[in-house]
Amino acid sequence: MSGSERIRPPWWLKYVNKVMIAVNRTGLLKDGPVVLTVTGRKSGQPRSTPITPFEVDGRRYVVGGLPGSDWVRNAQANPDAVLLRGRTREPVRMVELPAEEARPLLRQFPVLVPTGVGFMKNAGLVTGPHPDEFEALTGRCPVFRLDPVT
């Protein structure tokens, strides 16, 4: 698969994302998704989407679950981003990992982010929570490290 591969998101995703962003603003969710805001690569405007970061060895990561998704391409163009949980804003720098660093993290993803398994299964990327299938997504689904900006 090429780096320009793009999988069409499900029709309902935009609506679910809007609901998740609204729920996040209430601050009631202490765990799970946060809202990632990146600068649009074409518009220059802030673009927000819910993501579910996970932690390994004290560092946070996120997997681009749909190859070619807008938020991934925006983060690749401008890695400075903000994570929002309720009213807490955290500036981060999104560092895309090379394949050799991404591979073991993709293997851990189905255990650390079980909600992401269903999403990626529905997208046709995997058949279930099998680490080998997630590892095989190396190069198709980018992995970003979320570095704090001080």
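Before any of the text, the structure's been laid out above.
The structure presented is a predicted model; accordingly, all values stated were derived computationally and were not measured. (Residues numbered from 1 in each chain as written. Predicted model: local features only at pLDDT ≥ 70, side-chain atom pairs only at ≥ 80, totals over all residues. Heavy atoms only, no water.)

Tallied over the entire structure, the rule returns nine salt bridges. Here aspartate 147 and arginine 145 are joined by a salt bridge, their closest N and O atoms 2.7 Å apart. Each member of the pair, aspartate 147 as well as arginine 145, carries the same accessibility label: buried. (Salt bridge = Lys/Arg side-chain N within 4 Å of Asp/Glu carboxyl O. Buried < 20%, exposed > 50% of the residue type's maximum accessible area, 1.4 Å probe, protein only.)

Assignment of secondary structure puts threonine 138 in the loop between helix H5 (131–135) and strand E7 (143–148). Residue classification places threonine 138 among the buried residues on the basis of a relative accessible area of 16%. Polar side-chain contacts of threonine 138 include one of 2.6 Å to the backbone oxygen of glutamate 135. Those residues within four positions of threonine 138 in sequence are excluded, and the remaining contacts are Ala99, Arg103 and Leu106. (Helix = DSSP H or I, 4+ residues; strand = E, 2+ residues; numbered from the N terminus. Polar contact = N/O pair within 3.5 Å; in protein donor to acceptor, adjacent residues only side chain to side chain. Contact = heavy atoms within 4.5 Å.)

Bridge count for strand E1 (residues 34–39) against strand E2 (residues 46–51) is six bridges, and the pairing is antiparallel. The residue of E2 that forms the bridge with threonine 39 is proline 46. (Pairing = 2+ DSSP bridges.)

This part covers the packing of aromatic side chains. One pass over the structure, following the stated rule, counts four aromatic pairs. A ring pair is formed by phenylalanine 54 and tyrosine 61, whose centres lie 6.0 Å apart and whose planes are at 35 degrees; its orientation type is tilted. The pair formed by phenylalanine 54 and tyrosine 61 is uniform in burial state, with each residue classed as buried. Where phenylalanine 109 meets phenylalanine 134, the ring centres are 5.7 Å apart and the plane angle is 40 degrees; that geometry is what we call tilted. Placement of phenylalanine 109 in helix H3 (residues 99–112) and of phenylalanine 134 in helix H5 is noted, with a sequence separation of 25 residues between them. Residue phenylalanine 109 is classed as buried on the basis of its relative accessible area of 5%. Every member of this aromatic cluster is reached through a ring pair, and the members are Phe54, Tyr61, Phe109 and Phe134. (Phe/Tyr/Trp six-rings, centres within 6.5 Å; stacked < 30°, edge-to-face > 60°.)

Turning our attention to the pairing of strand E4 (residues 59–63). When strand E3 (residues 54–56) meets E4, the two strands line up antiparallel, connected through three bridges. Paired with glutamate 55 across the strands is arginine 60, a residue of E4. Count of turn residues in the E3/E4 antiparallel hairpin: two residues, of which aspartate 57 carries a positive phi of about 50 degrees. Both E4 and E7 contribute to a ladder of four bridges, which runs antiparallel. Residue pairing across strands places tyrosine 61 opposite arginine 145, the latter belonging to E7.

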